[in-house]
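An overview of the molecular structure
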Amino acid sequence: MTDRYAVVGNPIAHSLSPRIHGAFAAQTGEDIRYEKRLVEKGGFADFAREFFAAGGRGLNVTMPFKLDACEFADELTERARAAGAVNTLAKQPDGSVLGDNTDGAGLVADIKNHLGWEIRGKRVLLLGAGGATRGALLPLLNETPAQLHIANRTAAKAEQLAEDFSAYGRVTASGLDAVPAGFDLVVNASAASLSGELPPLSPRALAKGCRAYDMVYGAEPTPFMRRAAQLGAQTADGLGMLVGQAAEAFYLWRGVRPAVAPVLNMLRAELRNTRDASAG
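For clarity, every value in this text was computed on a predicted model and none was experimentally measured. (Residues numbered from 1 in each chain as written. Predicted model: local features only at pLDDT ≥ 70, side-chain atom pairs only at ≥ 80, totals over all residues. Heavy atoms only, no water.)

Across its full length, the protein carries 10 helices and 12 strands. A globule of 280 residues ought to have a C-alpha radius of gyration of about 19 Å, and the protein, at 19 Å, matches this closely. In terms of its C-alpha atoms, the protein occupies a principal-axis envelope of roughly 55 × 50 × 30 Å. In the protein, buried positions account for 50% of the 280 residues. If you take every contact in the protein between residues at least 6 apart in sequence, the share linking residues at least 24 apart comes to 66%. Of the roughly 12600 Å² of accessible surface on the protein, a fraction of 49% belongs to carbon and sulfur atoms. (Helix = DSSP H or I, 4+ residues; strand = E, 2+ residues; numbered from the N terminus. Rg over C-alpha atoms; globule rule 2.2 N^0.38 Å. Buried < 20%, exposed > 50% of the residue type's maximum accessible area, 1.4 Å probe, protein only. Contact = heavy atoms within 4.5 Å. Areas by Shrake-Rupley, 256 points an atom, 1.4 Å probe, with all protein chains shown as cover.)

Printed below as a string of structure tokens:
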């Protein structure tokens with residue numbers, strides 16, 4: 001019997017999740033049907049209740065419903081509790097619904113396994129103090145960096161996050177105008193790249209040989225990536241994080257861990273083709 005899954009959001013037309021999970025299913029031989037579902041704001045709980053009551057097995061949840069999904073879940077994983085947001089719901093054998101947050105795990109997997117960059121023992125700078133940062137903090141801290149510093153336009157938000165996560169490791173914080181020097185890894189978790197803006201990035205913040213990672217992805221390097229490259233950093237975008245968090249959700253649902261690299265390469269080629277077609 002084919003199991004049903006879906007990604008829920010508003011807007012949702014742009015989502016690559018059906019392509020990703022369809023590729024995972026073909027690769028692993030899992031019998032699933034996966035679709036996009038547009039839900040009106042305020043309607044998430046009713047949709048999710050009906051979806052699971054009708055036999056649905058799992059949901060991926062994107063903006064603006066990650067907080068709604070957190071409230072809907074009967075139980076939360078530790079990383080979902082720490083993030084305060086849920087991007088994956090999974091029906092359990094007893095009928096309850098588990099809420100998880102796979103974003104940070106996808107980020108860490110991409111940085112370590114695909115890019116081959118070190119986190120353990122390194123000085124890590126996170127730009128931004130919103131939901132993306134909250135989702136990344138626990139998985140990053142579990143890698144035991146030498147330092148993890150949060151920098152945000154509003155310093156008080158960064159300082160509050162540092163306090164919230166202090167039980168998991170050493171976290172420091174500041175405004176964007178007071179970032180310490182010498183970070184080995186800089187992760188842009190701010191919303192700046194979504195609008196084509198450049199978050200403030202002081203040259204002194206980047207150590208020699210620094211790596212710079214933008215959670216946003218596209219056919220072209222983001223302004224953050226271009227600026228970091230000018231300052232001598234090796235750069236990467238967030239497409240691998242997107243595929244990595246999906247692989248983590250697929251494993252939660254199916255108990256099978258799909259290979260990320262073939263799907264990531266497929267999507268990267270499609271982005272290049274789209275760019276080349278528009279340029280031509």
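Bringing the packing of aromatic side chains into the picture now. This structure, assessed with the given rule, holds nine aromatic pairs. Residues Tyr34 and Trp253 carry aromatic rings whose centres are separated by 6.3 Å and whose planes lie at 45 degrees to one another, so their mutual orientation is tilted. In this pair, Tyr34 is assigned in strand E2 (residues 32-38) and Trp253 in helix H9 (residues 239-254), connecting sequence segments 219 residues apart. The pair formed by Tyr34 and Trp253 is uniform in burial state, with each residue classed as buried. (Phe/Tyr/Trp six-rings, centres within 6.5 Å; stacked < 30°, edge-to-face > 60°.)

Glancing now at the side chain of Ser190. On the secondary structure map, Ser190 appears in the loop between strand E10 (183-188) and strand E11 (206-214). Among the polar contacts made by the side chain of Ser190, one reaches the side chain of Asn188 at a distance of 2.7 Å. Discounting residues that sit within four places of it in the chain, Ser190 has contacts with Leu127, Gly128 and Pro199. (Polar contact = N/O pair within 3.5 Å; in protein donor to acceptor, adjacent residues only side chain to side chain.)

Moving on, we get to the nonpolar core. Counting 28 residues, the largest nonpolar core has Leu107, Leu140, Leu148, Ile150, Phe165 and Tyr213 as its most contacted members. Of all the secondary structure elements, the ones that give two or more residues to this core are helix H5 (103-114), strand E7 (123-127), helix H6 (131-141), strand E8 (147-152), helix H7 (155-164) and E10. Of all hydrophobic cores here, the second largest spans 22 residues; its members include Ala90, Ala249, Trp253 and Leu271. (Core = buried A, V, L, I, M, F, W, Y, C linked by side-chain atoms within 4.5 Å.)

Relative to E11, E10 is paired through five bridges, and the arrangement is parallel. Residue Val187 lies in a different strand from E11, and its bridge partner there is Tyr213. Here three bridges tie E11 to strand E12 (residues 234-236), and the two strands are oriented parallel to one another. Note on E12: the bridge partner recorded for Ala212 is Thr235. (Pairing = 2+ DSSP bridges.)

Below, the discussion takes up the layout of surface pockets. Space inside the largest pocket adds up to approximately 1300 Å³. Along the wall of the largest pocket there are 40 residues; nearest its centre are Thr62, Met63, Lys66, Asp103 and Ala132. Breaking the lining of the largest pocket down by element, the ones donating at least two residues are strand E3 (58-61), helix H3 (66-72), H6 and H9. Sorting elements by how many residues they give to the lining of the largest pocket places H6 first, with five residues. A class-by-class count of the residues in the lining of the largest pocket yields 20 nonpolar, 17 polar and three charged. Its boundaries defined by the atoms lining it, the second largest pocket holds a volume of some 240 Å³. Ala109, Asp110, Asn113, Gly244 and Val260 are, among the 14 residues lining the second largest pocket, the residues nearest its centre. Element by element, the count of residues in the lining of the second largest pocket is highest for H5, at six residues. (1 Å grid on protein atoms, 1.4 Å probe; cavity = no way out; pocket = protein on both sides within 12 Å on 5 of 7 lines; lining within 4 Å. Points joined across faces, edges and corners; volume = space filled by probe spheres on them. Nonpolar A, V, L, I, M, F, W, Y, C, P; charged D, E, K, R; others polar.)

A few words on helix H2 (residues 44-53). Listed as buried for H2 are Phe44, Phe47, Ala48, Phe51 and Phe52. What you see down the axis of H2 is that its buried residues fit within an arc of 120 degrees, all on one side. Exposed and facing more than 90 degrees away from the buried side of H2 are Glu50 and Ala53. For H2, the secondary structure elements touched by its buried residues are strand E1 (3-9), E2, E3, H3, strand E5 (88-91) and strand E6 (97-100). Directly beyond the C-terminal end of H2, a positive phi value near 105 degrees is found at Gly55. (Arc of directions from axis to C-beta.)

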